[in-house]
Amino acid sequence: MAKKEYLMGNEAMGRGAVEAGVKVAAGYPGTPASEVLEYASKYPDVHVEWCINEKVALEITMGASLCYTRAMAVMKHNGTNVALDFLMHLNYTGVRGGLVLISGDDPGGISSQNEEDSRIITHLDAHLPVFDPWCPQEAKDMVKAAFKLSEKTELCFVVRPVMRVCHARSPVKLEEIATSSKEPFFEDDRSRFIMSAVREPKAGGVLRPVLRHKWLNEKQMELLQIMADSPFNHEEEGEGSIGLVTCGIGYAYVKEAEEILGKKFPILKLGTLPLPRDKVVKFAGKFDKLVVYEDSEAVVEGLIKELLYDEGIKVAVVGRSGFLPKEGELLTTVVLKSLATLYPELEKLIPETASLDIKIPIRTRTQCIGCAYRSLLHALKLVARKTHGVVAGDIGCYDAGSFLPLELQSTIYCMGSSIPIATGIAYSGSKQPVFAIIGDSTFFHNGVLGLLNAIHNAVDMVVIVCDNRTTAMTGFQPHPGSDTDIGGKPVIAIDIAKLVTAAGATSARVVNPYDIPEVMKALNKAAKEKGVSVIVASSPCYLLARRTGDICFTPRKVSLDPDRCNGCKICIDYFGCPAIRFADEKATIDQATCVECGMCVYVCKRGAIT
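Rules used throughout
- Residues numbered from 1 in each chain as written.
- Predicted model: local features only at pLDDT ≥ 70, side-chain atom pairs only at ≥ 80, totals over all residues.
- Heavy atoms only, no water.
- Helix = DSSP H or I, 4+ residues; strand = E, 2+ residues; numbered from the N terminus.
- Axes fitted to C-alpha atoms, helices over the stretch in contact; angles between N-to-C directions.
- Parallel < 35°, antiparallel > 145°, perpendicular 65-115°, else oblique.
- Left-handed = near helix turned anticlockwise from the far one by under 90°.
- Contact = heavy atoms within 4.5 Å.
- 1 Å grid on protein atoms, 1.4 Å probe; cavity = no way out; pocket = protein on both sides within 12 Å on 5 of 7 lines; lining within 4 Å.
- Points joined across faces, edges and corners; volume = space filled by probe spheres on them.
- Nonpolar A, V, L, I, M, F, W, Y, C, P; charged D, E, K, R; others polar.
- Domains from an automatic or database assignment.
- Buried < 20%, exposed > 50% of the residue type's maximum accessible area, 1.4 Å probe, protein only.
- Polar contact = N/O pair within 3.5 Å; in protein donor to acceptor, adjacent residues only side chain to side chain.
- Pairing = 2+ DSSP bridges.
- Salt bridge = Lys/Arg side-chain N within 4 Å of Asp/Glu carboxyl O.

Enquirer: I'm lost on unusual backbone geometry in this one. Help?
Expert: Most peptide bonds adopt trans geometry, and most residues besides glycine take a negative phi value. Across the junction of D295 and S296, the peptide omega takes the value 0°, indicating a cis bond. On the secondary structure map, S296 appears in the loop between β15 (289-293) and α13 (299-311). In this model, L404 is joined to P405 through a cis peptide bond whose omega is 5°. Mapping P405 onto the fold places it in the loop between β17 (390-392) and α16 (418-427). Positioned with a positive phi, E407 is a non-glycine residue whose angle comes to about 45°.

Enquirer: Mind showing me how you'd approach the packing of helix α15 (residues 372-387) against helix α19 (residues 516-527) here?
Expert: To describe two helices that pack against each other, one gives the angle between their axes and the distance between the axes. Here α15 crosses α19 at 45°, and the two axes come no closer than 9 Å. For the element pair α15 / α19, the angle class is oblique. Taken as a pair, α15 and α19 cross one another with a handedness that is right-handed. Contacts from S375, L376, H378, A379, L380, L382 and V383 of α15 reach α19 at I516, V519, M520, L523 and N524.

Enquirer: For this particular structure, what's the right way to read the layout of surface pockets?
Expert: Remark: the empty space left among the atoms is shown by a probe the size of a water molecule rolled over them. Taken as a whole, the second largest pocket spans an internal volume of roughly 440 Å³. Lining the second largest pocket are 23 residues, and of these V48, E49, D485, I486 and V491 sit closest to its centre. Of the residues belonging to the lining of the second largest pocket, the class tally is 13 nonpolar, seven polar and three charged. Counting the residues that make up the lining of the second largest pocket, at least three belong to each of domain 1 (4-228) and domain 3 (372-547).

Enquirer: Would you mind showing me how to read the domain arrangement of the chain here?
Expert: How big an interface is tends to be reported as the loss of accessible area on association of its parts. Taken as a whole, the chain is organised into domain 1 (4-228), domain 2 (234-349), domain 3 (372-547) and domain 4 (554-610). A straight line from the C-alpha centre of domain 2 to that of domain 3 covers 47 Å.

Enquirer: What should I look at first to understand the packing of helix α5 (residues 84-93) against helix α10 (residues 208-228) in this one?
Expert: Closest axis-to-axis distance for the α5/α10 pair is 7 Å, and the angle between their directions is 75°. As the angle between them shows, α5 and α10 are arranged roughly perpendicular. Touching N91, Y92 and T93 of α5 are P209, R212, H213, W215 and L216, all from α10. Among the residues making up the contact of α5 with α10, the classes are represented as four nonpolar, three polar and one charged.

Enquirer: Mind showing me how you'd approach the side chain of T442 here?
Expert: Tracing the sequence through the fold places T442 in helix α17 (residues 440-456). Its relative accessible area of 5% is what places T442 among the buried residues. One polar contact links the side chain of T442 to the main-chain carbonyl oxygen of I395, over a distance of 2.8 Å. Among all residues touching T442, those that are not within four sequence positions of it are Y28, D394, I395, Y398, M415, G416 and G447.

Enquirer: Please explain the sheet that holds strand β18 (residues 434-439) as it appears in this structure.
Expert: Note on sheets: strands pair through backbone hydrogen bonds, and any given pair is parallel or antiparallel. Strand order in the open sheet made by the five strands is β17-β18-β19-β21-β20, with parallel pairing throughout. Each end of this open sheet is capped by a strand with a single partner; those strands are β17 and β20 (507-511). Shown here is a sheet whose adjacent strand axes are inclined to one another by a mean of 20°, direction ignored. With respect to the sheet, α15 is in contact with β17, β18, β19 (461-467) and β21 (532-538), its orientation differing from that of β18 by roughly 170°. Here α17 sits on the sheet in contact with β18, β19 and β21, set at roughly 150° to β18.

Enquirer: Would you mind going over the pairing of strand β22 (residues 580-583) with me for this structure?
Expert: The side chains of a regular strand alternate, residue by residue, between the two faces of the sheet. When β22 meets strand β23 (residues 586-589), the two strands line up antiparallel, connected through four bridges. The residue of β23 that forms the bridge with A583 is K586. As consecutive antiparallel partners, β22 and β23 are separated by two residues, and within that stretch D584 has a phi angle of approximately 55°, a positive value.

Enquirer: What is the right way to look at the pattern of salt bridges in this model?
Expert: If the charged atoms of two oppositely charged side chains come close together, the side chains can form a pair. Summed over the entire model, instances satisfying the criterion amount to 36 salt bridges. Notably, a salt bridge pairs R277 with E311, separated by 3.9 Å at the nearest N-O pair. Pair noted here: R277 is in helix α12 (residues 277-284) and E311 is in helix α13, with a separation of 34 residues, a long-range link. Among the residues examined, R277 registers a relative accessible area of 36% and is labelled partly exposed. Where D550 meets R469, a salt bridge forms, and the shortest distance between an N and an O atom there is 3.8 Å. Placement of D550 in the loop between α20 (542-548) and α21 (570-575) and of R469 in the loop between β19 and α18 (496-503) is noted, with a sequence separation of 81 residues between them. With relative accessibility at 37%, the residue R469 sits in the partly exposed group.

Written out as structure tokens, the structure is:
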């Protein structure tokens, strides 16, 4: 009997890759997919690496695949965009060793800037096969199957789990780890792996991109047959005149709704792209209406409509295009509401949501107590307000500075966009000073290019790099500025100040972000300089530093004199440390949560905090 272990969905996918014999795994950390590589890193026979960005990760794994080695790239949906340029080439060349791309989606934008559906670019655009799991066990099974099918078809297979699958936990069956005696070997095939607009004499002078595109299109028929026989698609009998089509996590929500309602519906459970055409046609032929439950765009809904139109089958197909909400997570409550719309008699079976007698305040984004970014952002806010400057923000813990009470950053888009946006603001002719703030991991990921461009063009701006020596926001993964890798092995840490100095920055000042006067002095000087001035705010993440004793401040017990406090609320409304409370028109220090960093002493100009 196979052993079972209680695993997170991400861990299950990592286990699936290990069981399949993966030898190289690479990615860039990003919720909801980070733990896949963390799990795989426990196995010494697998080379696991956090890369500088997702494009590099996919390129590394493709290199391994070219040597007939099984490899896996892991990222979130935003990162798949970063890797898209390379993805739209490897789909033409195909692969050798099994290559699996795990692209974790985040319906509802719970920990992301958007809720993009990566099925659109990976399947509809890149024409790659996609598996869409509904639970941790299926996610593991799909990863294992994907490696085998990748080698069979010579195509990269995509596994697209959504956040609720990535972070769900359930018993998962553990199986034997595959072993391989095949020696890695690179074999030249220049007509296939050199993607260039040259003509192929053996193909009658057809341009190579056209020839490889033809190869990819011909592969689609093979994929259709594979998915037609896939165990990840099946039909379930039930009562009712409407067929429910469930995709990925949508299956879990519909099954939960069935349990709540005590009713069994006819279901077509789909987990693959391409769709199993015959199964869809057969199922659709039984009903006048189909409802497609999927997260988050109407991808399968649209494909089913096209298929049924081509087959001449007149069945109404509804789903995310309007019948269900077009945005946000699907969720069981959404499914229940939709079923009550289809079958009004079910309304009375839906449990009422208990109302709360208390009003729960909406939690705002903020830094941890003791975080060096709070003092850095406070200093930057004082300088930016004084100079009427504009602050372009980026992705990371420091982006909480764009919300109350700081309200500092004026823009946040995607990884590395702060410096180019600041460049554009400078180019606009605005007379306002321009600041760009970016984290260390984000800087290495996609910020260096924008910085080089700004330095090359002598743009007048100040770039603040928040260097806490880890990728803190997604779980403390290392990056090129860290001195250890994912397994704790010593590696070369890239010095940001030396890097920007070598690139030609006007200045590169390294400051201790806990020292507010020092940071303000550096910012004021930088704001008056021509060209790109860089400030590196260097201090380890407090959450990690307190475990290692690497804290960059001398702990000092702070107290508040109520007689000196005039209730100005600067410490609350301008600084915003959660350890400072306000009651009876006076500020107070919550000693239970205060970490004794002492930053608030500088903030209180009345001397009430000492």
